[in-house]
Amino acid sequence: MLEIREVTKKYGRKHVLDRINFQIMRGEVVGLIGENGAGKSTLLQILATLMSPTSGQVLLYQQPYHKHIKQVRKKIGYVPQDIALWEQLSVKDNMVFFEKLSWVNRTEQQLKQICTDMQLNQWKEKVKNLSGGMKRKLNLAISLIHEPELLLLDEPTVGIDLKSRVEINAYLKELSKQKGTIIIYTSHDMSEIKELCDRALIIGDDPFYHDILNQ
Amino acid sequence: MKQMDGFRIVSVLIRNNFKRLKGKWLSLPLVLLAPIILLSVIGYLVIAIVEQPTQEPIHVGIVNLDQTDQTHLLVHLMEEVSKSIDYIDVTSYQESDAEAAIAAEQLDAYLYFPRQFFSSLLRGESVQLEVVGHPNKRLEGQLVQGFVDNIGDYIESAQANILTVDYYASTLLAGEERQLLLFEQFQSFFFHALAKDQALQEHEVQISLYNSPLVYFTIAIWFVLITIWLFSLYIILHKHDDRRMKKRIILYGLTDLHEAIALLITLLVIMIVLAISSFALIHYWLQLSLATDQLWFIALLMGLYIFIFSELFIVIDYLPLSQRLKLIIQMLAMVGILLFSGATIPQVYFPMSIQDGVGYLFSNHVFTWLEQIILHGRFHAEFALLYGYSLISIFLISIGSVIRGRVK
Amino acid sequence: MMQLCIARLMLWKQHVLSYLFWLWLPLIGTLLFVPFIEDVSDEFLVPIGIVLEEETELAQQLYQTIAQADTVNVEQFEEQEAISRLNRNQLDSVYLIREGYQERIEHGEQRYLVEAYYTEHSIAYPYVKEMVTSTILADTGKVKAASAVVGLAEAHQQSDKWNSDEILATAEQLYQASSILSTDLTISGEDRPIAEHDEPKLYWLVWVLLSTLSTLFLFDWIITEKSQHVRLRFQYMKVSYRCFLLNSLMMMLIILLLVDGLTFLVLNVYRGEQLSILTLFSYRVTIAVFSFLLAMIWKNRYFYQATAISFVLWLTLINSSFKIEGEAYQLIQSVMPLNPLRAFLNDHASWRGLMLVVIGLALWYAKEGGFYARNKGSN
């Protein structure tokens, strides 16, 4: 379970996030929607431990972030908005590279399985030769190597073809169902959120956020 | 119509170049100043060496551990000799006093005559003179060593002659008498050696308008400086990792040729300003008296030099090689251009085999005529070769940019 | 640890040819370059002209001695031709041996035996003059010694005991055999004498220049890598990016040291150019860490490479300039404490430089940690 308690973020005097509270249960898929600059990326980065809130706290399965940052990070999978891959390496080498540096040991077979599950079949191809959709898939696959309990995706389907988008979304749904992963997802696209998410949070309205579920 | 577009693109690019230079307002002065400082240090040293220094003399102590009449004489001689040399002042010391004097900064260095010094010499054994320098005055220590080396040469030549005399004298004389003869001979040979510079009757011939090498060195350093500036500016203005931007500009009809022209014009403008202002300073400082015609010749020579140099570098950048290799090639090209220009090593010292050919190198051609005009007061320069170079490089750039355009 | 190394090797594997090239360039380049440099620099000679008005033995001997010096290129001219060439700056200096040279020496004359002409551009004149006067001095000295011996014999009424040719021959032998008087410079308070005229270790000089360049180039991947988005992923990995980089630095250092080991064997044993292993080690660590830090500071790969090349060019300049003038070279050497290669070329281990870069590395490590801390706080 992910608990967000009274989380506030200020840049100077400007409140980007003001006293946000919500809880997300195991296996839930939650979408964050909002205008540009509304604070959804900020919230996602706070949840990803890349930024700390001005006040308030975040707990993942009862572990407060600020006290157990290392343990928390082990449980997080973060998919950045930019493609964070080694362009010169093949799909396989990218997977193996990050497996070596991760907390877990995986066989090549297991790594390949992650990719096949999301229809990424160009195992030996160099990343620079992949299509945008395939790069997005690999971007996601790498974040799943250590089987995170909390998966954070920052606009993971920006600028890709419909087919890849459907495949990625199908995979994420399956993931939350099978392994109980908490998935948080930012997007501009309401229809995508509706299709994938159990509930959605609108950020940027007054008051600062809106729980669609509670409406 | 198309012509018009080309003009507009080039002028936009030139403006862009200047904007980028403005963005580097901090590093630009640094890039321009650094070579001045480095070159003037080197230039100062060279001039200081060529025109013997007349500064505060170096104070040298002599510690004589041998204590024979002969070494006493030698020490006395060295004291005398040093009086005729401006830059060294020799006094004799006791060992302990010398160490103290070094510590008290009264001495810059001292040297030992070891025990048995003279008798070892007579026996033809090797001897070592030890120079001890002040820790903060290494330079002076080395000058002292040079002085001692000289004295050493005199002693050495006296030694060989004295051994010759002794070889024969040993059959005729013995004991006291022989020693006395040898001592007299040593003294005589030592004086003989001291006077060796008199063997030459020296005539200095003045071949340029100025009787000191200062003008030559200044012009040479100026020439090197202009080259280094040009190279640094080229690197700063060089387009790199700009691919995304480039794609967009190609849509507006931009080609490599436009870029090359813009770069050439930018470099020419900046370099001409730099060259004129630095030359004006030199002109003022050295009080050269050049006529207007001569100044025009110099301006044209340098303008063509800058033009050809920049074009050469653009052509190298057209080669299908990695950035690193191209940089190395450019750097080597610059070194070659400077080395054989005559501004770093005077052409008279070049190998015989390249003496004739090197005149066809544009840098050598330019520098030779600069020398002719500035140092020898000539009212003439030849430009045919430089025009030829310019045409060839314009041709190469045009061809190169077309080929690159095709490949893209 | 092992896994970090494997991960790094996976990244390096992409550029393995380029890395191999830069790794071996210093050694191979040195072995190829040095003979070439030696050949070329042998050809940079000081051109001097000699005018012989008499063909006597001593005049010929003087000419031969000067001609044998390997730094000058001597040509014999008629007086007019020589002077006109000097005027056109085609000769450094001209020496005129007038009629009666030998006779005057035999009469014990010392003044104005030879006429010398030089110009304000004759840079090498002091050097050549020294050589000419020394040669004359040796010749006149021998003649003087012979006349002293003859005089001695006459004084003992044995005037025909030795003839002067015989004495001159003996003098020549003794000249060859007489030992060298050497001088040594020590700095007060230091034990080791400063190497006289720093024997040029040409192989190590060329090697160290090439090696500095290639080491700088071997670290330029850092500039591209550190600005990539991939860096973000290290937040969720076993190791931070700075640890990963530090590990890579160590790996590169070990690889470089292995190559250096071989270089050491080849140059020290095979070429006989002595250098202590500590000197090599301290240089290697210093330059590797220096390159690493420089690459961390630089943002643009092209400018980094341009800086690297300019730096090496500057090193080349201050370490090789003014070959013609030995004294000038020394003078420049001694006022250039700035020369970072000074210690290496004098075969000292430079602990000061090493300390500096290690402190730099520690600062970087601390600052990089701070970067993540800040990143968490703001952004």
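Scroll up for the structure.
Report on the accompanying structure. Here the structure is a predicted model, which is why all the values come from computation and not from measurement.

At the junction of the two partners, chain C supplies 97 residues and chain B supplies 95 residues. Connecting chain C to chain B are two salt bridges. C:Asp220 is paired through a salt bridge with B:Arg324; the nearest N and O atoms lie 3.2 Å apart. For the interface between chain C and chain B, the tally reads 22 residue pairs in polar contact (both at pLDDT 80 or more). The element that contributes the greatest number of residues to the side of chain C that touches chain B is helix 6 (residues 125–155) of chain C, accounting for 17 residues.

Looking now at the interface of chain A and chain C. Taken together, the contact pairs 33 residues of chain A with 27 residues of chain C. When chain A packs against chain C, close to 2900 Å² is buried across both sides, 63% of that on carbon and sulfur atoms. The largest per-residue losses of area from chain A upon contact with chain C belong to A:Trp86, A:Lys100 and A:Leu101, which jointly make up 25% of the total buried on that side. The interface formed by chain A and chain C contains one salt bridge. Put simply, C:Lys13 and A:Asp93 hold a salt bridge, and the shortest N to O gap is 3.6 Å. Counting across the interface, chain A meets chain C through eight residue pairs in polar contact (both at pLDDT 80 or more).

It is possible for side chains of opposite charge to pair when their charged atoms get near one another. Counted by the stated rule, this structure contains 22 salt bridges over all chains. As a salt-bridge pair, B:Arg404 and B:Asp256 come within 3.2 Å of each other at their nearest N and O atoms. Here B:Arg404 is found in helix 15 (residues 384–407), whereas its partner B:Asp256 is found in helix 10 (residues 256–286), with 148 residues between them in sequence. Looking at B:Asp256, the relative accessible area reads 7%, which means it is buried. Taken together, the shared-partner salt bridges in this structure form one network comprising C:Glu53, C:Glu79, C:Arg98 and C:Glu115.

What follows deals with the sheet that holds strand 3 (residues 93–97) of chain C. Across the sheet, five strands lie side by side as 5(B)-4(C)-3(C)-1(C)-2(C); this open sheet has mixed pairing. The open sheet terminates on both sides in strands that have one partner only, identified here as strand 5 (200–205) of chain B together with strand 2 (72–76) of chain C. Shown here is a sheet whose adjacent strand axes are inclined to one another by a mean of 20 degrees, direction ignored. As paired strands, strand 3 of chain C and strand 4 (residues 114–119) of chain C are joined by five bridges and run antiparallel to one another. When the sheet's bridge partners are listed, C:Ile97 is paired in strand 4 of chain C with C:Val114. Where helix 6 of chain C meets the sheet, it contacts strand 5 of chain B together with strand 1 (46–52), strand 2, strand 3 and strand 4 of chain C, and its direction lies at approximately 160 degrees from that of strand 5 of chain B.

Both the distance between ring centres and the angle between the ring planes are used here to describe each pair of aromatic rings. For the structure shown, the criterion picks out 38 aromatic pairs over all chains. Seen from their ring centres, C:Phe219 and C:Phe292 are 6.4 Å apart, and the 85 degrees between their planes marks the pair as edge-to-face. Here C:Phe292 lies in helix 11 (residues 277–297) and C:Phe219 lies in the loop between helix 8 (202–218) and helix 9 (221–226), a separation of 73 residues in the sequence. What makes C:Phe219 buried here is its relative accessible area of 0%. A residue is classified by how much of its surface remains accessible, and C:Phe292, at 0% relative accessible area, is buried. Cluster of aromatic residues (ring-pair linked, three or more members): B:Tyr216, B:Phe217, B:Phe223, B:Phe231, B:Tyr234, B:Tyr305, B:Phe309, B:Phe313, B:Phe362, B:Phe367 and B:Tyr389. Residue placement shows C:Lys144 over the ring face of B:Phe189; its charged tip is 5.5 Å from the ring centre.

Conventions adopted
Residues numbered from 1 in each chain as written. Chains lettered and ligands numbered in written order. Predicted model: local features only at pLDDT ≥ 70, side-chain atom pairs only at ≥ 80, totals over all residues. Heavy atoms only, no water. Contact = heavy atoms within 4.5 Å. Salt bridge = Lys/Arg side-chain N within 4 Å of Asp/Glu carboxyl O. Polar contact = N/O pair within 3.5 Å; in protein donor to acceptor, adjacent residues only side chain to side chain. Helix = DSSP H or I, 4+ residues; strand = E, 2+ residues; numbered from the N terminus. Buried area = accessible area lost by both parts, 1.4 Å probe. Buried < 20%, exposed > 50% of the residue type's maximum accessible area, 1.4 Å probe, protein only. Pairing = 2+ DSSP bridges. Axes fitted to C-alpha atoms, helices over the stretch in contact; angles between N-to-C directions. Phe/Tyr/Trp six-rings, centres within 6.5 Å; stacked < 30°, edge-to-face > 60°. Lys NZ or Arg CZ within 6 Å of the ring centre and 35° of its normal.

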